[in-house]
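Each chain, letter by letter, is given below.
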Amino acid sequence: MPVTTLVENPVLESFVTEPLLLKPSVGSTPPLASTVGQRASIDDEQIDAWREHAEAVVRGAEAAAASVPSPTTFIRLAQARYIAGDEPGAAESALRAMTTATHWLAEGKVTAESISLVLGSGADLLARLGNGTEAIAVLEHLGPPPALELTYASLLVDAGRSEEALAALTSDTDAQADALRGYIYAVSGSAQTADRKSVV
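The structure displayed is predicted, hence computed values, not measured ones.

(A) Representation of helix α5 (residues 87-107) in the model. The terminal C-alpha atoms of α5, which comprises 21 residues, lie 30 Å apart, in line with the 30 Å expected from a rise of 1.5 Å per residue. Among the residues making up α5, those that are buried are G89, A90, A91, S93, A94, A97, M98, T100, A101 and T102. Next to the buried residues of α5 lie α4 (71-83), α6 (112-128) and α7 (132-142). Between a side-chain oxygen at the N-terminus of α5 and the backbone nitrogen of G89 the separation is 3.0 Å; the capping residue is D86. Just past α5, the residue G108 takes up positive phi, approximately 80°.

(B) Structural detail: helix α10 (residues 175-187). Helix length check: α10 (13 residues) gives 18 Å between terminal C-alpha atoms against 18 Å at 1.5 Å per residue, within 8%. Along α10, the residues classified as buried are A177, L180, R181, I184 and Y185. Seen end-on, α10 carries its buried residues on one side only, within an arc spanning 135°. Across α10 from its buried face, at more than 90 degrees, point the exposed residues A175, Q176, A186 and V187. For α10, the capping residue at the N-terminal end is D174, with a side-chain oxygen 2.7 Å from the backbone nitrogen of Q176. Just beyond α10, the residue with positive phi is G189, at close to 80°.

(C) A look at the confidence of the model for the chain. Scored by pLDDT, the chain has a mean of 80; 74% of the residues are at 70 or more. Predicted confidence for residues 19-33 stays below pLDDT 50, and this span has 19 contacts to residues more than four positions away or in other chains.

(D) Looking closely at the packing of α4 against α6. Look at α4 against α6: their axes get within 10 Å of each other, and the N-to-C directions meet at 30°. In terms of orientation, α4 lies roughly parallel with respect to α6. The interaxial crossing formed by α4 with α6 has left-handed handedness. For the pair α4 and α6, contact is made by P71, T72, I75, A78, Q79 and Y82 and by I115, V118, S121, G122, L125 and R128, respectively.

(E) Structural context of the side chain of T100. As for its position among the elements, T100 is in helix α5. Using a relative accessible area of 14% as the deciding quantity, one classes T100 as buried. Filtering out sequence-adjacent residues up to four positions away, T100 remains in contact with S70, P71 and F74.

Parameters at a glance
- Residues numbered from 1 in each chain as written.
- Predicted model: local features only at pLDDT ≥ 70, side-chain atom pairs only at ≥ 80, totals over all residues.
- Heavy atoms only, no water.
- Helix = DSSP H or I, 4+ residues; strand = E, 2+ residues; numbered from the N terminus.
- Expected span 1.5 Å × (residues − 1).
- Buried < 20%, exposed > 50% of the residue type's maximum accessible area, 1.4 Å probe, protein only.
- Contact = heavy atoms within 4.5 Å.
- Polar contact = N/O pair within 3.5 Å; in protein donor to acceptor, adjacent residues only side chain to side chain.
- Arc of directions from axis to C-beta.
- pLDDT = per-residue confidence, 0-100.
- Axes fitted to C-alpha atoms, helices over the stretch in contact; angles between N-to-C directions.
- Parallel < 35°, antiparallel > 145°, perpendicular 65-115°, else oblique.
- Left-handed = near helix turned anticlockwise from the far one by under 90°.

Have a look at this one:
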């Protein structure tokens, strides 16, 4: 049986199926390890090449999202726009990815486990852009999947909702959840509570 793809255009298909990589198309760049400790010298030609490449990645991601509208293509567009410096566009696309994922989940098109990466990436990007409350609203509407418990609790802490963050941390065996609990107790002045509730 032949394999059918959703995208007939091979360039668009690469934006749907390949990892999002942003690298300059001109000149060779030495590996990071060989440049550690050295001052980087970037000329205008390199900056222009990066800018042109970033714009090409955004155009490709926009075409992919228009051709195959899905949470995945929208989050890739958000990431491309963020890399290219279009923060408002990145926030809009990240929110669209999260809301589309929520709708698809409600319609049974995806499972919470299969869409957690998109939701987590969208929430992270929105938080980086200062729109964490929008990510919280989407996750609250959805009821955050277990895989996003820590992300959701972290967003709540950033929003000053520490008590809700503690309630959201249901895992007793996760070291990161324990660390976040300890942080919440420490900043709220509840050091004795943190000692009593720490998992040894």
